[in-house]
Amino acid sequence: MSAFPAADGWSAWPAPAKLNLTLQIVGRRADGYHLLQTVFRLLDWGDTIRLRVRADGEIRRVGESVPGVPEAEDLVVRAAKLLKKEANIGKGVDIGVEKRIPAGGGFGGGSSDAATVLVALDQIWGCGLTPDRLASLGLQLGADVPVFVRGENAWAEGVGEILAPLTLPPAWYLLVDPGIHVPTAALFASPDLTRDAAPAKISDFVSGSLLGNAFEPVVRRREPAIEAVFQALSHIGTPRLTGSGGGCFVEFADRTSAEDALASLPAGLHAWVVEGAARSPLLDALAQASRDGEKRLGASPSG
């Protein structure tokens, strides 16, 4: 039986993972943040956020999300508090997180969880904030949060918050989590990291000439376990790194090819197959909830 039954007032919302299909660093801002160019690909797979409105105004996390992360520091709790303050809402919420996305793998789990809390709670609480305002709030929590708020595959620049929607072809992905939590700060500090790549255009990605990840050579030299995964994946396709984590992936045009590749991998790898999403499943869930709400209102007896 679910720990968050709908009969008890819980609602369920998807928090999809992402891949960085390419990532390069083209400079640095005056405040020290690096300027990126990347392509975000949303996946039809990820965490599930459970929400239940509270009348007392309290914001509580039910159970753990990422092991070892205190409730006050959890991005889902911080997202709810930020929205509550911004919209001046008196209601509260219980938050439960069903984790599937590995922490620290570069698949965007924490950012996606926070974005789902912002967007779903905006609807549940009736805040009525625009996508631009929600994305701005999300940026206060992390550079990857806005793309999950907007829910579209995108070409991204700046620190990852300047987004241009991008239509990507259907694809399936073989994902591997080496189980290595790569410290992002150490990667950005590495003398081997290329920080001055020539700025590219969306057309460079579309043509297939822009598929690298600036962090890949640094991570592969730093982490033997990740290098071993790259070697294993090189026998089935072109392995790539996502984000600045340890997660690796290979892209396929169809599910059968991806599953055949998965079956051929050495035993012991934490690997699985997922489909790329045309847009975030969260947007579909929001639209369905809105339709359901309209039906309930239409079925209510008029007074």
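Refer to the preceding data block for the structure.
If you're wondering where the values come from, they're calculated on a predicted model, not measured in any experiment.

Can you break down the overall build of the protein chain residue by residue, with the values?
Tallying secondary structure elements over the protein chain gives ten helices and ten strands in all. By the compact-globule yardstick of 19 Å for 303 residues, the protein chain fits well, its C-alpha radius of gyration being 20 Å. Taking the principal axes of the C-alpha coordinates as reference, the protein chain spans close to 65 × 45 × 40 Å. Within the span of the protein chain, comprising 303 residues, buried residues form 50% of the whole. Considering only contacts within the protein chain whose residues lie at least 6 apart along the sequence, 74% involve residues at least 24 apart. When the accessible surface of the protein chain is split by element, carbon and sulfur atoms take 53% of a total near 13900 Å².

Any details on the environment of Trp13? Residues and values, ideally.
Inspection of the secondary structure puts Trp13 in strand β1 (residues 11-28). For Trp13, a relative accessible area of 6% translates into the label buried. In this structure, the C-alpha to C-alpha distance between Trp13 and Leu51, residues 38 residues apart in sequence, is 8.0 Å. If sequence neighbours within four positions are ignored, Trp13 has contacts with Asp47, Thr48, Ile49, Leu51, Thr116, Ala120, Gln123, Ile124, Leu282, Ala285, Leu286 and Ala289. Within polar-contact distance, the side chain of Trp13 engages the side chain of Ser11 at 2.8 Å.

Describe the layout of surface pockets, naming the residues involved and giving the relevant values.
Put simply, the largest pocket is a space of about 1200 Å³. As for the largest pocket, its lining consists of 45 residues, and the residues nearest its centre are Gly108, Ser111, Asp144, Thr184 and Ser244. Every element with two or more residues in the lining of the largest pocket is listed here: β1, β2 (34-54), α1 (75-87), α2 (109-125), α3 (131-141) and α5 (184-189). Taken together, the residues of the lining of the largest pocket sort by class into 19 nonpolar, 18 polar and eight charged.

Report on the sheet that holds strand β7 (residues 172-176), specifying residues and quantitative values.
Through backbone hydrogen bonds, the strands of a sheet pair up, either in parallel or in antiparallel fashion. Taken together, the four strands give an open sheet; going across it, the order is β8-β9-β7-β10, and neighbouring strands pair in antiparallel fashion. Only two strands of the sheet have a single neighbouring strand rather than two, namely β8 (240-241) and β10 (271-275). Pairing of β7 with strand β9 (residues 248-252), which is carried by five bridges, proceeds in the antiparallel orientation. The residue of β9 that forms the bridge with Val176 is Cys248. The sheet strands contacting helix α8 (residues 224-233) are β7, β8 and β9, and the helix crosses β9 at an angle near 20°. The strands touched by helix α9 (residues 255-264) are β7, β9 and β10; relative to β10, the strand with the most contacts, the crossing angle is about 175°.

Give me the pattern of salt bridges: which residues, what numbers.
This structure, assessed with the given rule, holds 20 salt bridges. The residue Glu98 makes a salt bridge to Arg100 at a minimum N-O spacing of 3.4 Å. Relative accessible area serves as the criterion here: at 23%, Glu98 is assigned to the partly exposed category. Arg220 is the partner of Glu227 in a salt bridge, and the nearest nitrogen-oxygen pair spans 2.7 Å. The exposure class of Arg220 is partly exposed, given its relative accessible area of 25%.

For the pairing of β7, give the residues involved together with the corresponding values.
Counting buried positions along β7 gives five out of five residues, so the element sits mostly inside the fold. Burial of β7 is two-sided: the residues Trp172, Leu174 and Val176 facing one way and the residues Tyr173 and Leu175 facing the other way are all buried. Relative to β10, β7 runs antiparallel, the two sharing five bridges. Looking at the pairing, Leu175 lines up with Trp272 of β10.

Go over the side chain of Asn20 with me, naming the residues and quoting the values.
With respect to the secondary-structure elements, Asn20 resides in strand β1. Classification of Asn20 by relative accessible area gives buried; the value is 4%. Within polar-contact distance, the side chain of Asn20 engages the side chain of Lys18 at 2.4 Å. Discounting chain neighbours no more than four positions away, the residues touching Asn20 are Thr38, Val39, Phe40, Gly106, Leu241, Thr242, Gly243 and Phe249.

Just give me the short version of the packing of α2 against α3, but keep the residues and values in it.
Two numbers describe how α2 lies on α3: the axes approach to 10 Å, and their chain directions differ by 150°. Here α2 lies roughly antiparallel to α3, going by the angle between them. At the point where α2 passes α3, the crossing takes the right-handed sense. In this structure, α2 contributes Ala114, Leu118, Val119 and Asp122 to the contact, and α3 contributes Leu134, Leu137, Gly138 and Leu141. Its residues assigned to classes, the contact of α2 with α3 comprises six nonpolar, one polar and one charged.

Here is what the cut-offs are and how they apply
- Residues numbered from 1 in each chain as written.
- Predicted model: local features only at pLDDT ≥ 70, side-chain atom pairs only at ≥ 80, totals over all residues.
- Heavy atoms only, no water.
- Helix = DSSP H or I, 4+ residues; strand = E, 2+ residues; numbered from the N terminus.
- Rg over C-alpha atoms; globule rule 2.2 N^0.38 Å.
- Buried < 20%, exposed > 50% of the residue type's maximum accessible area, 1.4 Å probe, protein only.
- Contact = heavy atoms within 4.5 Å.
- Areas by Shrake-Rupley, 256 points an atom, 1.4 Å probe, with all protein chains shown as cover.
- Polar contact = N/O pair within 3.5 Å; in protein donor to acceptor, adjacent residues only side chain to side chain.
- 1 Å grid on protein atoms, 1.4 Å probe; cavity = no way out; pocket = protein on both sides within 12 Å on 5 of 7 lines; lining within 4 Å.
- Points joined across faces, edges and corners; volume = space filled by probe spheres on them.
- Nonpolar A, V, L, I, M, F, W, Y, C, P; charged D, E, K, R; others polar.
- Pairing = 2+ DSSP bridges.
- Axes fitted to C-alpha atoms, helices over the stretch in contact; angles between N-to-C directions.
- Salt bridge = Lys/Arg side-chain N within 4 Å of Asp/Glu carboxyl O.
- Parallel < 35°, antiparallel > 145°, perpendicular 65-115°, else oblique.
- Left-handed = near helix turned anticlockwise from the far one by under 90°.

All we've got here are geometric facts, nothing functional implied.
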